[in-house]
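# Examination of the molecular architecture
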Amino acid sequence: MISRRTFVINSGLATAAVLAMPSLAFTMNKKEIGLQLYTLRDEISKDVKSTLQKVAAAGYTNIETYGFSIKDQFWGISPTALKKILDENQLKAVSGHYNLGSFLYDGNTIELIAAIEAAKVLKSEYLTIPWVDEPFRKDFKTIASRLNEAAKMCKSSGLKLAYHNHDFEFQKQDGITGYEILLKETDKDLVYFELDLYWVVRSGNDPLKLFKENPGRFKMWHVKDMDKLNQALNTEVGSGSIDFKTIFKEAKQSGMKHFFVEQENNYNPNSFESIKTSYDFISKELL
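Residues numbered from 1 in each chain as written. Predicted model: local features only at pLDDT ≥ 70, side-chain atom pairs only at ≥ 80, totals over all residues. Heavy atoms only, no water.

## Here we look at the packing of helix H8 (residues 140–156) against helix H9 (residues 178–185)
- As a packed pair, H8 and H9 sit with axes 9 Å apart at the nearest point and diverge in direction by 35°. Helix-helix and strand crossings are classified by hand; for H8 and H9 the assignment is right-handed. Between H8, through Phe140, Lys141, Ile143, Ala144, Leu147 and Asn148, and H9, the contact on the second element is made entirely by Gly178, Ile181, Leu182 and Glu185. (Axes fitted to C-alpha atoms, helices over the stretch in contact; angles between N-to-C directions. Helix = DSSP H or I, 4+ residues; strand = E, 2+ residues; numbered from the N terminus. Left-handed = near helix turned anticlockwise from the far one by under 90°. Contact = heavy atoms within 4.5 Å.)

Here it is in structure tokens:
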């Protein structure tokens, strides 16, 4: 029989061992490298099945969808059909980008309800809002309020709500940025953030500073590199000017649970080779 004293000692040693290896949990969790499918928008709009087969062949296990609409669903196929293709290729749709413009601006829930149902069929964890149309970027307090509402609806359906940034959120209005308003006015227990590292750097801001000031808020990242000669262009991860090694060291402080490679342009020599180059760099150099 184990004495109480022996149990306490052994428990203490086990706890100390876990605390001594904080990077182990991070490494194990981040073996699943994700891809934002917008990277392959020209290919997937023509042939969903073969495109996803190539994504899996490149090594990716997670994906993030985009482009869902009530009329066209996902590139002309239903969420159920897409889930079947994902399962066949051992891919998981951890997150999806859903344009909820009508809800953000006037509270109309039609798009939101449809998005929630699609995300549930895909068994996603996050429903992510990717964009705010230009006319509505002057009222981030209202947007924050809508995010809180949407997050409650998502939670009741077993989903989490996230917000994905570009660069316009970092423009100041009356001495405060839209992004600061979103971080301040949203419920930190309900609204999460997907930090697009490229757009943070492109806007002149420091991801590490955001992590320090808002620990744990950034559950997802977009890992998208910046061309060394032309900041308006992307490039394969590890080939550009963003210091991902330093950023990844602070993943725990960020709160990051998932990340997705994204490249919107400047593929070398083509988009499929580009996602493979990014995957290889991340798996060998960052994880």
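## Details of helix H14 (residues 271–286)
- For H14, which comprises 16 residues, the first-to-last C-alpha distance of 21 Å matches the rise-based estimate of 22 Å (1.5 Å per residue) to within 8%.
- Here H14 has its buried residues at Ser271, Ser274, Ile275, Ser278, Tyr279, Ile282 and Leu286. Along H14, the residues classed as buried sweep out an arc of 135° about the axis, all on the same side.
- The inward-facing, buried residues of H14 contact strand S1 (34–36), helix H3 (41–44), helix H4 (48–57), strand S9 (220–223), helix H12 (244–249) and strand S12 (258–261).
- Capping the start of H14 is the job of one residue whose side-chain oxygen sits 3.1 Å from the backbone nitrogen of Phe272: Asn270. (Expected span 1.5 Å × (residues − 1). Buried < 20%, exposed > 50% of the residue type's maximum accessible area, 1.4 Å probe, protein only. Arc of directions from axis to C-beta. Polar contact = N/O pair within 3.5 Å; in protein donor to acceptor, adjacent residues only side chain to side chain.)

## Quick notes on the pattern of salt bridges
- All told, the structure shown has 12 salt bridges when counted by the stated rule.
- A salt bridge links Lys83 to Asp87; its shortest N-O distance comes to 2.7 Å. One end of the pair is Lys83 and the other is Asp87, both in helix H5 (residues 79–88) and 4 residues apart, which spans about a single turn.
- Two residues, Lys224 and Asp196, come together in a salt bridge whose shortest N-O distance is 3.1 Å. Of this pair, Lys224 sits in the loop between S9 and strand S10 (225–226) while Asp196 sits in strand S8 (residues 191–196), and the two are 28 residues apart along the sequence. (Salt bridge = Lys/Arg side-chain N within 4 Å of Asp/Glu carboxyl O.)

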